[in-house]
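# Inside the fold
Listed below, chain by chain, are the residues.
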Amino acid sequence: MKYDYLIVGCGLFGATFAEQMMKNGKSVLMIDKRPHIGGNVYTESTEGINVHKYGAHIFHTSNEAVWNYIRQFATFNHYVNRPKVNYKGKYYSFPINLMTLYQMWGVTTPAEAEAKLASVRVPIEHPQNLEEWILSQVGEEIYETFIKGYTTKQWGRQPSELPTFIIRRLPIRLTFDDNYFNDPYQGIPIGGYTPIIEAMTKGADIHLGVDFFADQAAWEAKADKVVFTGKIDEYYDYRFGELEYRTLRFDTKVLDMPDYQGNAVINYTDEDTPYTRILEHKHFEFEQGPKTVVTWEYPDAWDRSKVPYYPVNDKRNMELYHQYDALKVDSAHVIFGGRLAEYRYYDMHQVIASALATAQKEFNS
Ligand code: UDP
């Protein structure tokens, strides 16, 4: 039997696309090189705590259709992301808000905060990079305390070499609102993300621990169409060269104490601390048990043996990506989607929106 679709990659894009297709009577074969489904949203229970194995995944969106879609597969709790910053041992409210500015400068009202910011902003009319943009918004001292070290560690390059969109994700507020996101919908799925992916892919034939490229022709022959969610440069055999990524390394420990740090996420923003954040997973779901699971997150240089997490969307890589992107028209039987195939710094809600739109296009074709 020939399947309607072969989906390469069991992450959020593949699972959403699979769900849409199966709901419309199509048959789906899915493969993934990892031994589990879910891609980087995969969660696993340890000591009764759902551990985000590939880093913190906090669901947030302004897209009501996406919010309604994902809630078919899980109940979401009322978690709101309010990370704290530790800079050289001192704690700060984050993202930058009136409490942060009070802690920095003692300003207590929005008007005082605005006056202080106006006096420290570096006048840069057309900021060309992350460093220029943040300096033009908040000046040197805040840049140094919250952004410079963290960003340098996270991306392995100077903030002056990075695009502004990376930092424009973060709000800067002159109120006491310390919600990390501006979106109206936010939460953590009770029970973790893995059951969501299981529900979405129910009915698909799934093969895990499989290397698509080791037997590409045989896999592709099994279906009328292919959905590829892996690295776009790998699909085209790196013919123009290799796209760059940042990877992450996680050091996770079970600690015999009820609470290690009192919050799900604490960022370490100085350059000398090698990790960028410490996650304490039980706080995502308000777990109360006697033990806790804590993860130290270290950004790292990427090579092909490591998991690609973040596309590095600088000029060189984007030019290279566009060369690969131009090849897609010649691969009419293949649909490309997700963070790796589109080389985009997608959040979860954007991946779902993109997969739903791709499925819709497929129905209309
Ligand atoms: N960032 C920073 N200091 C922080 C947190 C974030 O400078 O304490 C910058 C950093 O460049 C990071 C970007 O903001 O890559 C986006 O952060 P976000 O938390 O959205 O990244 P993610 O959770 O996707 O890793």
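Residues numbered from 1 in each chain as written. Predicted model: local features only at pLDDT ≥ 70, side-chain atom pairs only at ≥ 80, totals over all residues. Heavy atoms only, no water.

What follows covers a nonpolar patch on the surface. Together, M99, Y102 and F176 give the surface a local cluster of nonpolar side chains, amounting to about 300 Å² of exposed area. The residue F176 is located in the loop between α6 (165-168) and β8 (185-187) in this model. (Patch = residues over 30% accessible without salt bridge, like charges linked within 9 Å, V, L, I, M, F, W, Y side chains within 5 Å. Areas by Shrake-Rupley, 256 points an atom, 1.4 Å probe, with all protein chains shown as cover. Salt bridge = Lys/Arg side-chain N within 4 Å of Asp/Glu carboxyl O. Helix = DSSP H or I, 4+ residues; strand = E, 2+ residues; numbered from the N terminus.)

Looking now at the site of the ligand. Close to the ligand lie 17 residues, the nearest being F146, T151, Y180, Y310 and Y345. In this structure, N267 approaches the ligand through a side-chain N or O atom, which is 2.9 Å from an oxygen atom. Y310 has a polar side-chain atom sitting 2.4 Å from an oxygen atom of the ligand. Protein chains bury 93% of the 520 Å² of accessible surface belonging to the ligand in isolation. Per-element tally for the shell around the ligand: the top contributor is helix α5 (residues 130-155), with 6 residues. Among the residues making up the shell around the ligand, the classes are represented as 11 nonpolar, 4 polar and 2 charged. (Near = heavy atom within 4 Å. Polar contact = N/O pair within 3.5 Å; in protein donor to acceptor, adjacent residues only side chain to side chain. Nonpolar A, V, L, I, M, F, W, Y, C, P; charged D, E, K, R; others polar.)

To continue, consider the pattern of salt bridges. Summed over the entire model, instances satisfying the criterion amount to 20 salt bridges. Where D314 meets R157, a salt bridge forms, and the shortest distance between an N and an O atom there is 2.6 Å. Separated by 157 residues along the polypeptide, D314 in the loop between β15 (310-311) and α10 (315-327) and R157 in the loop between α5 and α6 bring together distant segments of the chain. Both residues of the pair, D314 and R157, belong to the buried class. Between D325 and K328 there is a salt bridge, with the nearest N and O atoms lying 3.1 Å from each other. Exposure remark for D325: the relative accessible area of 30% places this residue in the partly exposed category. By relative accessible area, K328 is classed as buried at 16%. (Buried < 20%, exposed > 50% of the residue type's maximum accessible area, 1.4 Å probe, protein only.)

This brings us to the nonpolar core. Of all hydrophobic cores here, the largest spans 105 residues; its most connected members are L6, F17, F59 and I142. At 10 residues, α5 tops the list of elements feeding residues into this core. Among residues more than four places away in sequence, those in contact with L6 are L29, I31, F212, W219, E220, A223, K225, V226 and V227. Core analysis: the next-biggest nonpolar cluster, separate from the first, contains 8 residues, Y268, Y275, V294 and W296 among them. (Core = buried A, V, L, I, M, F, W, Y, C linked by side-chain atoms within 4.5 Å. Contact = heavy atoms within 4.5 Å.)

The next point concerns the packing of helix α3 (residues 98-105) against helix α4 (residues 110-120). Between α3 and α4, the least distance of the axes is 11 Å, while the angle of their chain directions is 65°. The way α3 lies across α4 gives a crossing that is left-handed. Where α3 approaches α4, its residues L98, L101 and W105 are matched on the opposing element by P110, A113, K116, L117 and V120. (Axes fitted to C-alpha atoms, helices over the stretch in contact; angles between N-to-C directions. Left-handed = near helix turned anticlockwise from the far one by under 90°.)

What follows covers the pairing of strand β10 (residues 223-228). Residues in a regular strand point their side chains to alternate faces of the sheet. Where strand β1 (residues 3-8) meets β10, 5 bridges bridge the pair, whose relative direction is parallel. In the strand pairing of β10, V8 is matched with F228. Examined bridge by bridge, β10 and strand β16 (residues 334-336) share 3 bridges and lie parallel to one another. In the sheet register, V226 faces β16, and the bridge partner there is V334. (Pairing = 2+ DSSP bridges.)

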